[in-house]
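Results of the structural survey
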Amino acid sequence: LQLDEKYLRPETKEVNGIPMTKVISDIWDQIWSFQAKPDDLVIATYPKAGTTWTQEIRNITYKQHPFIEWEMPPPLKSGLDLAKEMPSPRTLKTHLPVQLLPPSFWKENCKIIYMARNAKDVLVSYYHFSRMTKTMPEPGTWEEYIESFKTGKVLWGSWYDHVKGWWDQKDQHRILYLFYEDMKEDPKREIRKILKFLEKEVTEEVLDKIVYHTSFQVMKHNPMANYTTLPSSIMDHSISPFMRKGIPGDWKNHFTVAQSEAFDKDYREKMAGSTLTFRTEI
Ligand code: A3P
């Protein structure tokens with residue numbers, strides 16, 4: 001695959017104050033006017049919060065779950081084109097903050113599953129992902145990356161605003177707000193919540209199969225789920241695998257005590273006044 005330079009370590013450009021790739025920012029009008037359908041299901045997440053896991057529960061791959069705002073380098077198709085071609089009922093993936101979700105999703109009252117994960121594990125995962133994924137901006141050093149994350153100078157913007165923004169909308173719309181840490185603690189319980197939200201019933205046997213098939217170990221070795229089918233010019237798994245650790249608490253292997261304390265202090269200020277709480281280990 002010959003990648004046009006604009007996709008590699010791409011330039012960023014803001015959309016309403018949120019850093020996006022320049023490629024996305026340039027076609028923003030098309031994304032904003034995306035036409036949702038009432039039976040669309042949206043999987044919304046901040047990057048690295050367990051998007052792929054949630055997708056796998058619904059049955060994955062980039063073709064089956066178009067990533068609405070993402071521009072793939074040709075000949076791969078963009079999220080918008082894949083979504084438009086897809087027969088209903090569609091499942092669509094997005095990392096957009098709540099205020100940037102195309103308004104037709106609200107108008108059509110679509111169901112949305114939002115998956116959230118604690119900030120420190122997201123930061124670690126996003127850092128390694130940015131190192132191995134050539135279509136993401138360079139993360140810089142670990143120290144630099146902590147600062148970029150805290151100040152929201154990463155693609156899709158501030159984690160703090162993202163998780164709070166979706167949390168504040170969850171009771172006004174059909175949003176199921178889930179946590180990565182809960183999924184890890186009791187996947188069966190959380191998958192039951194998803195099935196109930198989707199008004200689907202399955203036998204205990206099928207439920208057990210879903211739990212097995214969507215476990216980290218099975219997904220890590222499933223080429224349809226672990227992104228190893230993408231060319232290494234896009235993702236280089238020798239730098240860091242996409243299916244990296246898959247646990248809450250790996251941040252402890254990355255943050256020094258001083259970094260963790262500074263992070264927590266800033267975190268308390270940014271999250272003050274919100275009823276949203278996270279577990280950083282289970
Ligand atoms: P780590 O880098 O911490 O291992 P996303 O899909 O939103 O990009 O998130 C990727 C993160 O989810 C990675 O985290 C990945 O390992 C983890 N993940 C993917 N599938 C998982 C599963 N079945 N169970 C637990 N974690 C999973």
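Here the structure is a predicted model, which means the values were calculated and not measured.

Conventions adopted
Residues numbered from 1 in each chain as written. Predicted model: local features only at pLDDT ≥ 70, side-chain atom pairs only at ≥ 80, totals over all residues. Heavy atoms only, no water. Helix = DSSP H or I, 4+ residues; strand = E, 2+ residues; numbered from the N terminus. Rg over C-alpha atoms; globule rule 2.2 N^0.38 Å. Contact = heavy atoms within 4.5 Å. Areas by Shrake-Rupley, 256 points an atom, 1.4 Å probe, with all protein chains shown as cover. Lys, Arg positive; Asp, Glu negative; His and termini not counted. Charge placed at Lys NZ, Arg CZ, Asp CG, Glu CD. Near = heavy atom within 4 Å. Polar contact = N/O pair within 3.5 Å; in protein donor to acceptor, adjacent residues only side chain to side chain.

Considerations on the overall build of the protein
What the protein contains, in helices and strands, is 13 helices and six strands. Expected size for 282 residues packed as a compact globule is a radius of gyration near 19 Å; at 18 Å, the protein falls within 12% of this value. Overall size of the protein, expressed as C-alpha extent along the three principal axes, is 50 × 45 × 40 Å. Contacts spanning at least 24 positions in sequence make up 73% of the contacts within the protein whose residues lie at least 6 apart. When the accessible surface of the protein is split by element, carbon and sulfur atoms take 53% of a total near 13200 Å². Of the side chains in the protein, 39 bear a positive and 39 a negative charge, and the two mean positions are spaced by 2 Å.

Structural notes on the site of the ligand
Neighbouring the ligand are 19 residues; Thr51, Thr52, Ser125, Tyr180 and Lys245 lie closest to it. Interatomic distance of 3.3 Å between a side-chain N/O atom of Trp53 and a nitrogen atom of the ligand. The contact in question runs from an oxygen atom of the ligand to an N or O atom on the side chain of Arg117, over 2.9 Å. When isolated, the ligand has an accessible area of 570 Å², and the protein chains bury 97% of it. For the shell around the ligand, the elements supplying multiple residues, two or more each, are helix 3 (51-58), helix 9 (180-185) and helix 12 (216-220). The biggest single contributor to the shell around the ligand is helix 3, with three residues.

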